[in-house]
Structures are given as structure tokens and as C-alpha cells.
Amino acid sequence: MAKLPKSAIQTLRDEALRAAKQAYAPYSGIHVGAAILASDENIYTGCNVENASYGLTVCAERNAIANALLRVSTERASLIQAIYVVSDKEGATPPCGACRQVISEFGHGGLIFFPGKRGIKKIKIEELLPEAFSLS
Ligand code: THU
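Keep in mind the model is a prediction, meaning the values are calculated, not measured. (Residues numbered from 1 in each chain as written. Predicted model: local features only at pLDDT ≥ 70, side-chain atom pairs only at ≥ 80, totals over all residues. Heavy atoms only, no water.)

**Student:** Can you help me understand the site of the ligand in this one?
**Tutor:** Looking at the ligand, the residues that line it are S28, V32, N48, E50, T57, C59, A60, E61, P95 and C96. Separating an oxygen atom of the ligand from a side-chain N or O atom of E61 is a distance of 2.7 Å. Between an oxygen atom of the ligand and a main-chain N or O atom of C96, the distance comes to 2.9 Å. Compared with its free state, where it exposes 370 Å², the ligand has 79% of that area covered by protein. Residue classes in the shell around the ligand are distributed as 5 nonpolar, 3 polar and 2 charged. (Near = heavy atom within 4 Å. Polar contact = N/O pair within 3.5 Å; in protein donor to acceptor, adjacent residues only side chain to side chain. Areas by Shrake-Rupley, 256 points an atom, 1.4 Å probe, with all protein chains shown as cover. Nonpolar A, V, L, I, M, F, W, Y, C, P; charged D, E, K, R; others polar.)

**Student:** Looking at this structure, how should I read the packing of aromatic side chains?
**Tutor:** Within the structure shown, the criterion is met by 2 aromatic pairs. Aromatic side chains Y27 and Y54 sit 5.6 Å apart centroid to centroid with 50° between the ring planes, which places their arrangement in the tilted category. One end of the pair, Y27, is in the loop between α1 (6-20) and β1 (32-38); the other, Y54, is in the loop between β2 (43-47) and α2 (60-71), and 27 residues separate them in sequence. Judged by its relative accessible area of 59%, Y54 is exposed. For the ring pair Y84 and F113, a centre distance of 5.3 Å and an interplane angle of 10° mean the geometry is stacked. (Phe/Tyr/Trp six-rings, centres within 6.5 Å; stacked < 30°, edge-to-face > 60°. Helix = DSSP H or I, 4+ residues; strand = E, 2+ residues; numbered from the N terminus. Buried < 20%, exposed > 50% of the residue type's maximum accessible area, 1.4 Å probe, protein only.)

**Student:** It is not clear to me how the pattern of salt bridges should be interpreted in this structure. Could you clarify?
**Tutor:** Per the stated rule, a full pass over the model turns up 2 salt bridges. One salt bridge connects D14 with R13, and the closest N-O pair in it is separated by 4.0 Å. Its relative accessible area of 33% is what places R13 among the partly exposed residues. Linking E15 and R18 is a salt bridge whose minimum nitrogen-to-oxygen distance equals 2.9 Å. Placement of the pair is E15 and R18 together in helix α1, with a separation of 3 residues, close to one helical turn. Owing to a relative accessible area of 53%, R18 belongs among the exposed residues under this scheme. (Salt bridge = Lys/Arg side-chain N within 4 Å of Asp/Glu carboxyl O.)

Rendered as C-alpha cells:
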């Protein structure tokens, strides 16, 4: 993937923040937003959607991926050029294990930005889930 210009990263962050405002999180109170720069060069976003039956909660990252898949029919293994995750929780908000697995499936060669212990952390998606399970 070509190096992302600072302005593109800034736009992704802004879109993730906008998505977080739409979170449905009455149980945890944590509002998470994710923005994907997809292989078609468009941005797709998602927020976390909780449920009174707690286990049905869907994370922001997976909702953003579902949103991108609705629009992008090609290059799906490399659907995610970059994904930016934000939350209004203090401190680190790294993606959960389930999201790491799903991001891996659609993020070949991509980058992820998320709130780490010392500010925003940027790593390769391959580093997010080493030895990811895959059928290919
Ligand atoms: N959450 C996400 O949206 N993404 C993650 O990767 C971790 C957790 C949400 C799910 C739930 O609504 C809230 O954060 C607290 O777990």
C-alpha cells in the first residue's frame, strides 16, 4: 500500500469520531467509531451497537466492515487499506479478539490506527493478529 498522506489519516480520524457519536451503547457507556479507507478509495464507517442481551453486541470495526462490503464487490481480501478506531473511553482501546480475526480476513496489506497506551498506535494489520486463522 502506498504511504497514506497525513490529510487522509486526519479525514479517517474525523469520520471515525463522527461514527462514534452514533454508537448505541446504553450498557457500557463506551462509544466506539471505526472508519475504513477501502480499496475503492471511499470511506466506510461503523459504530458499536449494543443490546439488552449483551452477547449480541456488535463492535464498531465489524459494523464498518459490513458497511464497506455492501458497496465494494472486488478485492475483498484487501478491502481495508486502513482502518482508524476511536473511542471516548480513557486510555487504550485496542480492537477485541473477534474484530482482529475479522479485520485480518479483509485487511491484507492494510494498516490499523487505534488508541494505544501512549496515544494513537499505528501498526500493520498482519501484526494485529499474528498467525491468523485462514482457510486460504
Ligand atoms: N467495542 C468495540 O466497538 N470494538 C472493540 O474492538 C472492543 C469493544 C465495544 C463493544 C461494546 O459496545 C463496548 O465497546 C464495550 O465493550
